[in-house]
Amino acid sequence: MSNGTAGATDDRLAFARAAYNDVPLYDPKRTPIEIDLTDNTNLWGVPPSALRSLHDAATASVSRYPSLYAAELKRALAAYVGVPDDMLVTGCGSDDILDSAMRAFGNPGDLVVSPEPSFAMIPIFAQMNALRWQSARELSATPMPQPDIHAMLATNADIVYLCSPNNPTGALTARATIERAVRDARGMVIIDEAYAEFAGVSSVELTQRARNVLVVRTLSKAFGMAGLRVGYAIGDPALVREVEKSRGPYKLSALAEQAALAAVTADRAWVDEHVALAIDMRERLGDALRAMGLSPLPSAANFLCVPIAESVRVGAALRTRGVAARPFPELPHIGDALRVTAGPWRLMQRFLDALDASLDECAR
Ligand SMILES: Cc1ncc(COP(=O)(O)O)c(C=O)c1O
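Residues numbered from 1 in each chain as written. Predicted model: local features only at pLDDT ≥ 70, side-chain atom pairs only at ≥ 80, totals over all residues. Heavy atoms only, no water.

1. Focus on the overall build of the protein chain
Helix and strand counts for the protein chain come out as 13 helices and twelve strands. The C-alpha radius of gyration of the protein chain comes to 20 Å, within 12% of the 21 Å expected for a compact globule of 364 residues. In terms of overall dimensions, the protein chain has a C-alpha envelope of 60 × 50 × 45 Å along the principal axes. Looking at the protein chain as a whole, 54% of its 364 residues are labelled buried. (Helix = DSSP H or I, 4+ residues; strand = E, 2+ residues; numbered from the N terminus. Rg over C-alpha atoms; globule rule 2.2 N^0.38 Å. Buried < 20%, exposed > 50% of the residue type's maximum accessible area, 1.4 Å probe, protein only.)

So, in structure tokens, the structure goes:
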């Protein structure tokens, strides 16, 4: 892994699990900074009912164990996405769901395939579960780069991972590509919809007619609750049950479950309002970047991927000005790029000013 991970150490314990030999610790280089535009979270804050629920938490929410499988939150999330309760499983962030799903549906040595570029944790989760991982380069088709589903299916993988909108490009995966994967994949298809609220389209409906699809969602992005770690997935009841076994009991803290429940039932207008704002700010930021002579990729998410030469150097120069955006060096078909989260305009303006100065500095 060249990006987002730290190298494995040489001084490993001889009795540690062999599959962990080359598993790196995730390292997206996030150090505290005044304006952090690196993680695609909701930069307007936390939904009000969720915040109130945290303030008003009862002692028992801390002193006693939480519910086994977050049944109440499951019911609320199932109503939110429009599926029966038994088609939904929660987890400690969607990371936990992805990890649990790989453990549930992959035997050691099985193959996971994902597009490249895509979510950097997928190869790590595969390794953590003693699975093999392969990538298929996205096609350079414009305007939105698309997964090469033909190449992905040709690997005969046991688990096919798709991400829509994709991170880090922001591209929506074509419906035909997703349907083809679901129809022709040998095993499981995981569709990661971490940014679905910003795109306004979803594959959840596919889970009602295909038994091999798991749609993975999170409250970390549009719902503004990344610190509480709440993710969920939708799929056939039999599929969801296996993820639930793999995930284990008591995974969501009581505080996280209560705050998530409050947000999903009472804060939907807040979420919708801030999703619309994020889209507006993304478009305005895109216009400003184009006016600077840059060409951000079209995005259906709350971030922009901006091709930029020497992204690591530009990222470092931005940091000296108190602003962080995430560099992605050498993305296939794209080259170097910066990924920047859309947020309130005053933050976008700070980013644009810092970028302007950083590009000047790097050109000298
Ligand atoms: C595509 C994608 N999937 C999953 C995640 C994990 O999110 P969380 O574990 O916070 O739900 C992220 C986080 O950045 C992401 O970009």
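2. Observations concerning the pattern of salt bridges
As enumerated under the stated definition, the model contains 20 salt bridges in all. For R209, the salt bridge is made with E179, and the minimal N-O distance between the two is 3.6 Å. Remark: E179 occurs in helix α7 (residues 175-184) and R209 occurs in the loop between α8 (196-199) and β7 (213-218); sequence separation between them is 30 residues. For R209, a relative accessible area of 55% puts it in the exposed group. For E179, a relative accessible area of 32% puts it in the partly exposed group. Between E242 and K245 there is a salt bridge; the shortest N-O distance is 2.9 Å. Pair noted here: E242 and K245 are both in helix α9 (residues 237-247), with a separation of three residues, about one helical turn. On the basis of relative accessibility, which here comes to 30%, the residue E242 falls in the partly exposed class. Salt bridges sharing partners connect three or more residues here, namely R175, E179, E205 and R209. (Salt bridge = Lys/Arg side-chain N within 4 Å of Asp/Glu carboxyl O.)

3. Here's the deal with the domain arrangement of the protein chain
Assigned domains within the protein chain: domain 1 (30-44 + 269-363) and domain 2 (49-266). Across the contact, 23 residues belong to domain 1 and 27 residues belong to domain 2. Of the roughly 2000 Å² buried between domain 1 and domain 2 on both sides combined, carbon and sulfur atoms contribute 68%. Looking only at domain 1, the three residues that lose the most surface to domain 2 are A300, P332 and H333, adding up to 26% of its buried area. At the junction of domain 1 and domain 2, the tally comes to zero salt bridges. Viewed at the interface, domain 2 and domain 1 are joined by seven residue pairs in polar contact (both at pLDDT 80 or more). (Domains from an automatic or database assignment. Contact = heavy atoms within 4.5 Å. Buried area = accessible area lost by both parts, 1.4 Å probe. Polar contact = N/O pair within 3.5 Å; in protein donor to acceptor, adjacent residues only side chain to side chain.)

4. Description of the side chain of D96
The topology assignment puts D96 in helix α4 (residues 93-105). In this structure D96 touches G91, R247 and K251, once residues within four positions along its chain are discounted.

5. Let's talk about the environment of V340
Structurally, V340 is set in strand β12 (residues 335-341). For V340, a relative accessible area of 0% corresponds to the buried category. Between the C-alpha atoms of V340 and A14, which are 326 residues apart in sequence, the distance is 41 Å. Apart from the residues lying within four places of it in its own chain, the contact partners of V340 are L37, L285, N302, F303, L304, V306, A325 and F351.

6. Some remarks on the nonpolar core
Counting 53 residues, the largest nonpolar core has L73, V160, L219, M225 and I234 as the members making the most contacts within it. Tallying contributions element by element places helix α10 (residues 254-266) first for this core, with six residues. For this core, the domains that each give at least three residues are domain 1 (30-44 + 269-363) and domain 2 (49-266). Setting aside residues no more than four positions away along its own chain, L219 makes contact with L77, G224, M225, A226, V230, Y232, A260 and V264. (Core = buried A, V, L, I, M, F, W, Y, C linked by side-chain atoms within 4.5 Å.)

7. Things to note about the sheet that holds strand β8 (residues 231-234)
Reading across the sheet, the seven strands line up as β2-β8-β7-β6-β5-β3-β4 and stay open at both edges, with mixed pairing between neighbours. Single-partner strands in this sheet number two, and they are β2 (88-91) and β4 (132-137). Sheet twist, expressed as the mean angle between neighbouring strand axes with direction ignored, is 25 degrees. Judged from the four bridges that link them, strand β6 (residues 188-192) and β7 form a sheet pairing that is parallel. Looking across to β7, one finds that V189 is bridged to V213. Its contacts with the sheet put helix α3 (residues 71-81) on β2, β7 and β8, and the angle it makes with β2 is roughly 120 degrees. Strands β2, β6, β7 and β8 of the sheet are contacted by α9, whose axis makes an angle of about 20 degrees with β2. (Pairing = 2+ DSSP bridges. Axes fitted to C-alpha atoms, helices over the stretch in contact; angles between N-to-C directions.)

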